[in-house]
Amino acid sequence: SVPHFFLTRDVDASALNAAREALLPVVERSRGVRVTHTDLLVAAVGRALRKHPRMNASWTADGIVLHQDVNVAIAVSVAQGVVTAVVRDADRATPGDIALRRRDLTERARAGRLQPADISGATFTISNLGMFDVDAFSAIIVPPQAAILAVGVIVDRVVAVGGLPVVRPMLTLTLSSDHRVIDGAGAAVFLKDVVAAINDAHTL
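Residues numbered from 1 in each chain as written. Predicted model: local features only at pLDDT ≥ 70, side-chain atom pairs only at ≥ 80, totals over all residues. Heavy atoms only, no water.

A look at the side chain of Ser177
Within the secondary structure layout, Ser177 lies in strand 9 (residues 164–178). Here Ser177 falls in the buried class, since its relative accessible area comes to 0%. Contacts of Ser177, omitting those with residues within four sequence positions, involve Pro3, His4, Phe5, Met55, Ile141, Ala146, Ala147, Ile182 and Ala187. (Helix = DSSP H or I, 4+ residues; strand = E, 2+ residues; numbered from the N terminus. Buried < 20%, exposed > 50% of the residue type's maximum accessible area, 1.4 Å probe, protein only. Contact = heavy atoms within 4.5 Å.)

What follows is the structure, encoded as structure tokens:
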């Protein structure tokens, strides 16, 4: 019942990898948890959503509702299928904060111990299938959210840089959006800002 459209970007993940490597020992010492690429992507998306209220919105019977809070859900694979656990205030959380929340939510999801508050109130969803070596895919929006970001595997590819072939760790992002809430241009600018945040991942 949701009119989807899809935008895809191939992204150089060099900065994302470098930021994760820099944060790994720091966060592991201070929080006892390992930062993942998903944690950094939640932070990047959270910052971009703050700049794009229409992406952080819902379609309702009364029209478009813009949400004040930025709550990013993460799709988690469990024995019964997939659940979406919510990282609240993702626009203000550090990668260490997000890593701690993500680990707690994931462990409780797989143990069947999520509470209603853990799976409600999301304003956007990220679905990462990179750990299953999926290159790219199109995810289905979770109503009443306006969009979902599908994340593929980071893999070395030959790309052109300055007119020369070089090898870079590349990542494919596919943004699914509700055309009733956001148009193609607005979604494209949002995706551009997500990519900018990934390229500047050391500041997250």
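Some details on the pairing of strand 9
Pairing of strand 1 (residues 4–12) with strand 9, which is carried by nine bridges, proceeds in the antiparallel orientation. Within the sheet, the bridge partner assigned to Arg9 lies in strand 9 and is Leu173. In this sheet, strand 9 lies alongside strand 7 (residues 147–151) in antiparallel orientation, the contact comprising five bridges. In the strand pairing of strand 9, Ile148 is matched with Ser176. As judged from the seven bridges shared by strand 8 (residues 155–161) and strand 9, these two strands associate in the antiparallel manner. Counted as the bridge partner of Val161 is Leu164 from strand 9. Where strand 8 folds back onto strand 9 in an antiparallel hairpin, the turn is made up of two residues, including Gly162, whose phi is positive at roughly 60°. (Pairing = 2+ DSSP bridges.)

Regarding the environment of Arg34
Mapped onto the fold, Arg34 is located in the loop between helix 1 (14–31) and helix 2 (37–51). You can call Arg34 partly exposed: its relative accessible area is 44%. It is 8.5 Å that separates the C-alpha atoms of Arg34 and Gly96, two residues lying 62 residues apart in sequence. Here Arg34 is in contact with Arg20, Leu24, Glu28, Asp39, Ala99 and Arg102, once residues within four sequence places are set aside.

Side note on the pairing of strand 7
With respect to burial, strand 7 is a largely interior element, five of its five residues being buried. A two-sided burial pattern is seen for strand 7, the buried positions comprising Ala147, Leu149 and Val151 on one face and Ile148 and Ala150 on the other. Alignment of strand 6 (residues 124–128) against strand 7, held across four bridges, turns out to be parallel. Note on strand 7: the bridge partner recorded for Ile126 is Leu149.

Functional significance is not addressed by these values, which are geometric in nature.
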